[in-house]
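Remarks on the overall topology
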Amino acid sequence: MKPLPDSRGYFGPYGGRFVPETLMAPLEELTQAWQEARRDRAFRRELAELLSTYCGRPTPLSFAGRLTKHLGGAAVYLKREDLCHTGAHKINNAVGQCLLARRMGKARVIAETGAGQHGVAVATAAALLGLHCRVYMGTEDERRQALNVYRMKLLGAEVVGVDAGSKTLKDAINESLRDWVSSVSSTHYVMGSVMGPHPYPVMVREFQSVIGSEALLQIRKQHRSLPKMIVACVGGGSNAAGIFSAFVPYRQVDLVGVEAGGRGTRLGEHAARFSGGTPGVLHGTRSYVLQDQHGLVAETHSVSAGLDYPAVGPEHAWWHDSRRVTYVRVSDEEALDAFHLLSELEGIVPALETAHALAYVSHVAPRLGPGQAILVNLSGRGDKDVSEVARLEGVTL
Amino acid sequence: MKGRLEQAFVHARKRKRAAFIPYITAGDPTASRTVVLARSLERAGADVLELGVPFTDPIADGPTNQRAAERALSQGTTLSSVLAIVRELRFSSTIPVVLFSYFNPVHAYGLARFAVDAAAAGVDGVLFTDVPVDEAEAAREALRRVGIDLVLIVAPTSTRERVKAVRKLAGSFVYFVARIGVTGTRATLEEGLQDQVRMVRKLTRSRVAVGFGVSTPEQVSRISQFADGVVVGSALVQRIGELGDAPELPGEIEALARSFALATKRK
């Protein structure tokens with residue numbers, strides 16, 4: 001089988017480049033610059049160096065002993081992306097793309113952010129490399145992730161609130177694209193997930209594939225075999241793509257992506273694209289989109305800002321249709337339970353996004369045999385969510 | 001028969017002026033008002049009408065058109081109702097109509113079904129803000145079968161190769177974006193616009209209409225000296241937003257549009 005995506009950025013019928021003409025030549029230039037950079041030994045060496053000496057890679061693989069015992073089934077292993085500098089896997093891509101921006105001679109970077117983790121990661125990489133940085137964030141997300149807003153400002157980034165639509169990630173991406181259309185000669189848009197127009201889905205997956213490459217070696221060493229299953233949460237889908245990519249060729253390994261089931265199954269109450277969405281075109285790419293019958297994009301809801309998005313990366317759409325990955329949904333409530341469970345049993349406070357993956361693990365682990373292993377991508381830590389969880393539970397801090 | 005779009009450009013040229021192409025968002029302030037406004041624009045001297053299909057995520061639009069889309073969506077405007085507006089307009093007008101749309105509403109409607117229904121409603125051209133020439137093949141084929149022009153966009157950032165690719169699929173005119181940016185009013189015009197338009201005309205062998213950021217009669221006059229058509233959007237949309245559903249809306253828009261139409265005269 002030919003490697004995907006094809007030269008036009010398609011994974012089967014998904015992907016492509018649906019953007020204003022103004023952005024087309026810059027996307028071609030970006031594709032070429034990235035292709036050159038990834039073949040350039042000096043670029044690869046600098047990226048590897050920063051990932052190890054600055055970001056803290058490789059991240060460990062932890063055996064979750066008490067959680068495994070509590071669930072009474074498969075052995076649960078955690079790939080500890082929460083231990084990356086800035087607290088989530090987002091830094092892997094941010095450092096890669098900011099290095100690329102510098103190589104392309106762009107002095108300014110912009111980014112969208114939902115939970116704030118990508119925004120913090122880009123602000124961090126921009127500070128490290130001396131680039132100007134502006135981050136767009138929905139005002140609803142600014143409210144629930146206030147800590148990250150201030151972190152970005154401390155890092156020297158300008159944070160612009162977006163007060164349109166649902167005031168979340170989708171609207172922040174709209175505004176980032178408008179900025180980029182207007183500033184494209186001096187600016188690189190650091191897209192935070194495996195979505196958007198080609199080359200972003202494949203480029204971001206490649207920058208995140210370090211997660212899967214490390215995890216493959218680690219699980220073989222620590223568990224002495226491949227895991228039965230890998231579980232990761234899916235918003236745009238970058239942490240999932242990063243860990244899945246190394247395991248896709250191993251057909252015996254079940255891959256499970258967990259979407260935000262929110263508070264109900266009606267349109268507007270969740271962000272589960274694969275159970276409630278249909279193929280559509282949003283933010284430059286063809287994929288599954290939550291929309292009404294007129295092609296108007298639906299509002300979404302999730303307790304987790306990072307999963308609160310109406311579309312999903314095109315490669316996930318392809319993995320879904322070709323049945324290589326199974327996508328499931330987990331409710332706000334189940335995610336909050338898992339948030340507490342991991343905190344109390346393992347001493348790790350996970351991000352609410354990651355808690356969705358853990359909720360599915362607590363459901364499925366008891367049904368697997370004790371000799372089998374489940375590998376969870378612990379994509380981020382939950383410090384940013386502490387005050388929001390306290391608010392939801394009526395605790396005054 | 002040569003299409004109405006083609007005829008509109010020929011007609012304007014014979015009268016020694018550029019074609020005047022006003023843009024309004026369909027359903028803003030209401031569907032029935034859109035039909036009335038279309039007639040006002042025609043009386044003011046519009047050669048072609050650009051009708052925006054409101055979308056939830058208009059990434060190529062500045063704040064003025066974003067708010068217009070929100071107003072139209074709050075009225076329940078959908079792609080189907082925009083086609084109904086065109087059908088109604090056709091009882092009283094033969095002005096060529098170009099729909100200005102994001103791709104997703106058409107994708108959801110179904111490309112083939114949309115082409116047939118749009119042609120039946122009396123649509124002459126369709127422009128997609130987010131379908132570059134690389135992705136345009138299927139849309140062009142579906143529209144060509146029913147005699148609708150696909151209007152492609154060329155930008156200041158487009159390479160020569162890209163402009164040449166546009167030539168293969170272009171209909172009766174191409175739309176040149178005067179600005180690197182989103183739609184909206186601007187105080188000044190880009191340097192070198194005339195040379196760019198000349199280049200695009202040469203490489204595409206098509207008529208060139210210029211839009212994005214054209215918002216004063218002076219700008220219209222300058223562009224009219226070298227372009228085949230001038231698109232004025234946000235300046236009209238802004239005024240529609242200010243007036244809302246007021247009784248004087250059609251008269252005010254007609255007067256404003258006339259000031260632009262008169263400026264299309266070639267010196």
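See the structure shown above.
Residues numbered from 1 in each chain as written. Chains lettered and ligands numbered in written order. Predicted model: local features only at pLDDT ≥ 70, side-chain atom pairs only at ≥ 80, totals over all residues. Heavy atoms only, no water.

**Topic: the overall build of chain A**
When its secondary structure is counted, chain A shows 15 helices and 14 strands. Since a compact globule built from 397 residues should have a radius of gyration of about 21 Å, the 19 Å found for chain A is in line with a globular shape. Referenced to the eigenvectors of the C-alpha coordinate spread, the extents of chain A come out at roughly 55 × 45 × 45 Å. Only carbon and sulfur atoms are counted for the fraction: they give 51% of the accessible area of chain A, which is about 13900 Å². Charge separation in chain A, taken as the distance between the mean sites of 43 positive and 40 negative side-chain charges, equals 7 Å. (Helix = DSSP H or I, 4+ residues; strand = E, 2+ residues; numbered from the N terminus. Rg over C-alpha atoms; globule rule 2.2 N^0.38 Å. Areas by Shrake-Rupley, 256 points an atom, 1.4 Å probe, with all protein chains shown as cover. Lys, Arg positive; Asp, Glu negative; His and termini not counted. Charge placed at Lys NZ, Arg CZ, Asp CG, Glu CD.)

**Concerning the packing of helix α13 (residues 332-346) of chain A against helix α14 (residues 352-364) of chain A**
Residues and elements named next belong to chain A. Taken N-terminus to C-terminus, the directions of α13 and α14 make an angle of 90 degrees; their axes are 7 Å apart at the nearest point. The angle between α13 and α14 falls in the class roughly perpendicular. In contact with E334, A335, L336, A338, F339, L341 and L342 of α13, α14 contributes L352, A355, H356, L358, A359 and S362. (Axes fitted to C-alpha atoms, helices over the stretch in contact; angles between N-to-C directions. Parallel < 35°, antiparallel > 145°, perpendicular 65-115°, else oblique. Contact = heavy atoms within 4.5 Å.)

**Details of a positive patch on the surface**
All names here are of chain B. There is a patch of like positive charges on the surface, built from R160, K164, R167, K168, K202 and R205. Tallying contributions element by element places helix α8 (residues 160-169) first for the positive patch, with four residues. Following the sequence through the fold, K168 ends up in helix α8. (Patch = residues over 30% accessible without salt bridge, like charges linked within 9 Å, V, L, I, M, F, W, Y side chains within 5 Å. Salt bridge = Lys/Arg side-chain N within 4 Å of Asp/Glu carboxyl O.)

**With respect to the interface of chain A and chain B**
With 32 residues of chain A at the interface, the matching set in chain B holds 35 residues. Both faces combined, the contact of chain A with chain B buries some 2800 Å², and carbon together with sulfur accounts for 54% of it. At the junction of chain A and chain B, the tally comes to four salt bridges. Between R162 of chain B and E28 of chain A there is a salt bridge, with the nearest N and O atoms lying 2.7 Å from each other. For the pair chain A and chain B, the interface holds 20 residue pairs in polar contact (both at pLDDT 80 or more). Those elements giving two or more residues to the side of chain A that touches chain B turn out to be β2 (14-18), α1 (24-39), α8 (169-183) and β11 (278-282) of chain A. Ranked by the residues each element gives to the side of chain A that touches chain B, the list is headed by α8 of chain A, at six residues. (Buried area = accessible area lost by both parts, 1.4 Å probe. Polar contact = N/O pair within 3.5 Å; in protein donor to acceptor, adjacent residues only side chain to side chain.)

**A word on the packing of aromatic side chains**
Inspection of every chain in the model, using the stated rule, returns 16 aromatic pairs over all chains. For the pair F55 of chain B and Y102 of chain B, a centre-to-centre distance of 5.5 Å together with 25 degrees between the ring planes defines the contact as stacked. Of this pair, F55 of chain B sits in the loop between β2 (49-52) and α3 (63-74) while Y102 of chain B sits in the loop between β3 (97-101) and α5 (103-109); the two residues are 47 residues apart in sequence, bridging distant segments of the chain. With respect to class, F55 of chain B is no different from Y102 of chain B; both count as buried. Each member of the aromatic cluster is reached from another via a ring pair, and the members are Y14, F274, Y288 and Y327 of chain A. The lysine or arginine in question, R38 of chain A, covers the ring of W34 of chain A, its NZ or CZ lying 4.8 Å from the ring centre. Above the face of the Y109 of chain B ring, R113 of chain B is positioned so that its terminal group lies 3.9 Å from the ring centre. (Phe/Tyr/Trp six-rings, centres within 6.5 Å; stacked < 30°, edge-to-face > 60°. Buried < 20%, exposed > 50% of the residue type's maximum accessible area, 1.4 Å probe, protein only. Lys NZ or Arg CZ within 6 Å of the ring centre and 35° of its normal.)

**Focus on the sheet that holds strand β4 (residues 75-80) of chain A**
All names here are of chain A. Strands sit in the order β3-β4-β14-β9-β10-β13 across an open sheet of six strands; the sheet is mixed. The sheet is open, and its two edges are formed by β3 (61-63) and β13 (325-331), each paired on a single side. For this sheet, the mean angle separating the axes of adjacent strands, direction not counted, is 25 degrees. Strand contacts of helix α9 (residues 200-222): β3, β4 and β14 (373-378), with the helix running at about 140 degrees to β4, the strand carrying the most contacts. (Pairing = 2+ DSSP bridges.)

**Details of the sheet that holds strand β5 (residues 149-151) of chain B**
Residues and elements named next belong to chain B. The parallel open sheet is built from nine strands, whose spatial order is β5-β4-β3-β2-β1-β9-β8-β7-β6. With partners counted over all chains shown, the strands left at the sheet margins are β5 and β6 (153-154), one partner each. Helix α9 (residues 193-204) rests against β6, β7 (173-177) and β8 (207-211) of the sheet, and its axis sits at about 150 degrees to β7.

**Section: the packing of helix α2 (residues 31-44) of chain B against helix α12 (residues 249-262) of chain B**
Residues and elements named next belong to chain B. Relative orientation of the contacting elements α2 and α12 amounts to 35 degrees, with a least axis distance of 8 Å. Between α2 and α12 lies a crossing of right-handed hand. For the pair α2 and α12, the contacting residues are R33, V36, L37, S40, L41, R43 and A44 in the first and L249, P250, I253, E254, A257, R258 and A261 in the second. (Left-handed = near helix turned anticlockwise from the far one by under 90°.)

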